[in-house]
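Structure at a glance
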Amino acid sequence: MLIAHITDLHIRPRGKPAYRVSETNALTERALDAVAALRPRPDVLVITGDLTDCGLAEEYELLQSLLSRLDMPILLLPGNHDRRETLLAGLKLDPHTVRDGGFIQFVADLGPMRLIGLDTLVPGQSFGGLCSARLAVLERALAEANGKPVAIFMHHPPFDCGIAHMDAIRLLEGAADFAAIVARHPNVERIVCGHHHRPIVTRFAGTIAQIAPSVTHQVTLDLSDDGAATFHMEPAAYLLHSWREGAGFVSHTAYVERFAGPYPFVLDADYPGAH
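This text gives an overview of the structure that appears in the document. (Residues numbered from 1 in each chain as written. Predicted model: local features only at pLDDT ≥ 70, side-chain atom pairs only at ≥ 80, totals over all residues. Heavy atoms only, no water.)

The next subject is the sheet that holds strand S4 (residues 97-98). The strand order S4-S5-S6-S8-S10-S12-S11 describes an open sheet built from 7 strands, whose pairing is mixed. Only two strands of the sheet have a single neighbouring strand rather than two, namely S4 and strand S11 (200-204). As paired elements, strand S10 (residues 188-193) and strand S12 (residues 207-211) share 4 bridges and run parallel to each other. In the sheet register, Val192 faces S12, and the bridge partner there is Gln210. Across the sheet, helix H4 (residues 132-143) lies against strand S5 (105-110), strand S6 (113-118), strand S8 (150-154) and S10, angled at about 175° from S6, the strand it touches most. (Pairing = 2+ DSSP bridges. Helix = DSSP H or I, 4+ residues; strand = E, 2+ residues; numbered from the N terminus. Contact = heavy atoms within 4.5 Å. Axes fitted to C-alpha atoms, helices over the stretch in contact; angles between N-to-C directions.)

Okay, structure coming up:
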């Protein structure tokens, strides 16, 4: 079981970079090409929000043209830069999508795992939330998993990471209730998020929570209390999650760009281990 996971695409209208600097359309296209070239082929691609930068119809139209090139199932969620109504009008959603209450979520049994996607968008806000209706979908999906290993995907992380301006806009509404639900289900193997544009891992509610880097620009790594809200053009990256019998849920960080190599390991004669 192999899951490709990208996040924070920030697609813009043609010819307009995000924040006047980040060529997000080209960067997203390169990331999707990298995913398409993976061998073995992923069983599914999950995209955890900020699909567009402003939730414009033109942005979703462009994104749909890019996604239509991929020959694999695609599960996606909105982020705070998205607009649900425009997303629904502009993108083709996987049959596993759950649209109870107007939210865009998913529950998918793929291979040995159950994948649950939660919509954390709060219209008009940058922070995230989970209301009783969205938490009810989570409760029901976990109860019906019957002990099957579960990965929960969402845009806003439910924990502080030390980057002050991002912690101020993490999952705020419903975060304690979300943690309580997760803590009652030991089969939740992983909580995987976007939003922060950095690779970050912590323990949360008895499981592991992690944030994926962006396939576009990365938030500046600044752990000071008054750090400015800035970003860098660090290498674009994404996550590959695999479920392996005997090992469980294993995550790898993969870079979009190609680098020199591969080179064979030619051991020197003085190497102290076995040749």
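Time to look at the packing of helix H1 (residues 24-36) against helix H2 (residues 57-67). Following both chains from N to C, one finds H1 and H2 inclined at 20°, their axes separated by 10 Å at the closest point. Compared by their axis directions, H1 and H2 come out roughly parallel. Between H1 and H2 lies a crossing whose hand is right-handed. Note on element contacts: H2 touches H1 through Leu62, Leu66 and Leu67, opposite Asn25, Thr28, Glu29 and Leu32. Looking at the contact of H1 with H2, its residues break down into 4 nonpolar, 2 polar and 1 charged. (Parallel < 35°, antiparallel > 145°, perpendicular 65-115°, else oblique. Left-handed = near helix turned anticlockwise from the far one by under 90°. Nonpolar A, V, L, I, M, F, W, Y, C, P; charged D, E, K, R; others polar.)

In this model, Arg39 is joined to Pro40 through a cis peptide bond whose omega is 5°. With respect to the secondary-structure elements, Pro40 resides in the loop between H1 and strand S2 (44-48). Cis geometry is adopted by the peptide bond preceding Pro262, which originates at Gly261 and carries an omega value of 5°. Its location among the elements puts Pro262 in the segment after strand S16 (248-255). The backbone of His10 sits at a positive phi, close to 55°, despite the residue not being glycine. Turning to its location among the elements, His10 is positioned in the loop between strand S1 (2-6) and H1. Since its relative accessible area comes to 1%, His10 is described here as buried. Backbone geometry at Asn146 places phi at a positive 55°, although glycine is not the residue there. (Buried < 20%, exposed > 50% of the residue type's maximum accessible area, 1.4 Å probe, protein only.)

Moving on to the state of the cysteines. Throughout the structure, instances matching the rule amount to 0 disulfides. We note that Cys131 lacks a disulfide partner, and the nearest cysteine sulfur, in Cys193, lies 17 Å from it. The cysteine Cys161 is free of any disulfide, with Cys193 supplying the nearest cysteine sulfur at 11 Å. (Disulfide = S-S within 2.5 Å.)

Between two packed helices, what matters for the description is the angle formed by their axes and the separation of those axes. Put simply, H4 and helix H6 (residues 175-183) touch, their axes get as near as 11 Å, and they point 5° apart. In terms of orientation, H4 and H6 fall into the roughly parallel class. Residues Leu135, Leu138, Glu139 and Leu142 of H4 lie in contact with H6, whose contacting residues are Asp177, Phe178 and Ile181.

Attention now goes to H2. Within H2 the residues assigned to the buried category are Glu59, Tyr60, Leu62, Leu63, Gln64, Leu66 and Leu67. Buried residues along H2 sit against H1, S2, strand S3 (74-77) and helix H3 (84-90).

Taken as a whole and judged by the stated rule, the model has 12 salt bridges. Residue Glu59 is joined to Arg12 by a salt bridge in which the shortest nitrogen-to-oxygen separation is 2.8 Å. With Glu59 in helix H2 and Arg12 in the loop between S1 and H1, this residue pair connects regions lying 47 residues apart in the sequence. In this structure, Arg114 engages Asp109 in a salt bridge whose closest nitrogen and oxygen atoms are separated by 2.8 Å. Salt bridges sharing common partners tie together Arg12, Asp53 and Glu59. (Salt bridge = Lys/Arg side-chain N within 4 Å of Asp/Glu carboxyl O.)

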